[in-house]
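Summary of the model geometry
Below, each chain spelled out in residue letters.
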Amino acid sequence: MSLVSVREDPIQEITPTGLRTASGAEYELDVIIYATGFDAITGPLANLDIRGVGGRTIAEQWADGAKMLFGLSAAGFPNLFTILGPQAPFASHPPVIETQVDLIEKILERALAEKVTRVEATPEGVEAWSDQCDMVLKATLLEQGLGDRPWFLGANVPGKKPSTLCYLGGLGNYVTAVNQEVEGGFSSYVFTSNVLDAAHAVA
């Protein structure tokens, strides 16, 4: 078994027995698995053409890096909740999803109790959570690997600005932060009944 960098010697063609690189080297292979690259975490949402207040798209809002409160909510996009969205924890998915769904349920329960039709993350709340995500990332060595174009920072997509796409503080700290949000009365959210703006945001 050998490891070959196709950045330094790109694949030139597929042959009957394997593949040939630009240098002329040939490699016999039993199986070829095609992995053509991907825009992780933000790509699927950005491609949906989700529009918020004033018609701004989520892709436009994320041009300088995605920011989502708890990986769920973006300022200016009322009534939008994204399970496992940008800046959700980098952890086992089932307990993360369970924590996020529980939070959404509590938010909707309050909205129903207050008879409001619009729930939106505050810009301050989004910035505070994003700053927390950045702080944890900078406490690691991960940014030193940008030359290897890590997908979890978005650096593998040409033209995409690398940013903190995951919360790396662990599931326990994430659950604590979410519980504090609930116990604090959802201070990072605004509950209103502006029906026209809410309808426009999801149109």
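Everything here concerns the structure above.
Numbering of residues starts from 1 in every chain and runs along the sequence as written. For this predicted model, a pLDDT threshold of at least 70 governs which residues receive local features, and a threshold of 80 or more governs which side-chain atom pairs are given and counted, while totals over whole chains, interfaces and linings are taken from all residues. For side-chain calculations, the full set of non-hydrogen atoms in the structure is used, while hydrogens and water are omitted.

1. Quick notes on the overall build of the protein
How we decide: Helix numbering and strand numbering both begin at the N terminus, where a helix is a DSSP run of H or I of at least 4 residues and a strand a DSSP run of E of at least 2. The globule rule used here is 2.2 Å times the number of residues to the 0.38 power, and the radius of gyration it is set against is calculated over C-alpha atoms. Using a 1.4 Å probe on the protein chains alone, a residue whose accessible area is under 20% of its type maximum counts as buried, one over 50% counts as exposed, and one in between counts as partly exposed. Here, two residues are considered to be in contact whenever any of their heavy atoms come within 4.5 Å of each other.
Secondary structure summary: the protein contains six helices and seven strands in total. Its helices and strands taken in sequence order, the protein reads β-β-β-α-α-β-α-β-α-β-α-β-α from the N to the C terminus. What you see for the protein is a C-alpha radius of gyration of 21 Å, clearly larger than the 17 Å of a compact globule of 203 residues, by over 25%. Along the three orthogonal principal directions, the C-alpha set of the protein runs to about 70 × 35 × 30 Å. Looking at the protein residue by residue over its 203 residues, the buried ones come to 37%. Expressed as a percentage of contacts within the protein between residues at least 6 apart in sequence, the contacts between residues at least 24 apart total 61%.

2. Regarding the side chain of Thr99
Tracing the sequence through the fold places Thr99 in helix H3 (residues 93-114). Not counting chain neighbours up to four residues away, the residues in contact with Thr99 comprise Leu171, Tyr174, Val175 and Val178.

3. Looking at the packing of aromatic side chains
Put simply, the rule reads: Paired rings are identified among Phe, Tyr and Trp, the last through its six-membered ring, by centres lying within 6.5 Å, and are further divided according to the angle between planes into stacked (under 30 degrees), edge-to-face (over 60) and tilted (the rest).
Enumeration over the complete set of coordinates arrives at nine aromatic pairs. Ring centres 6.3 Å apart and planes at 80° place the aromatic pair Phe70 and Tyr174 in the edge-to-face group. Note that Phe70 is positioned in the loop between helix H2 (58-61) and strand E4 (88-89) and Tyr174 in helix H5 (residues 171-183), a separation of 104 residues in sequence. Side by side, Phe70 and Tyr174 carry an identical accessibility label, which is buried. Look at Trp151 and Phe152: their rings are 5.8 Å apart centre to centre, the planes differ by 85°, and that puts the pair in the edge-to-face class. Ring pairing ties together the aromatic residues Phe38, Phe90, Trp151 and Phe152, which thus form one cluster.

4. Side note on unusual backbone geometry
With phi around 70°, Ile41 is a residue other than glycine that occupies positive phi space. For Ile41, a relative accessible area of 23% puts it in the partly exposed group.

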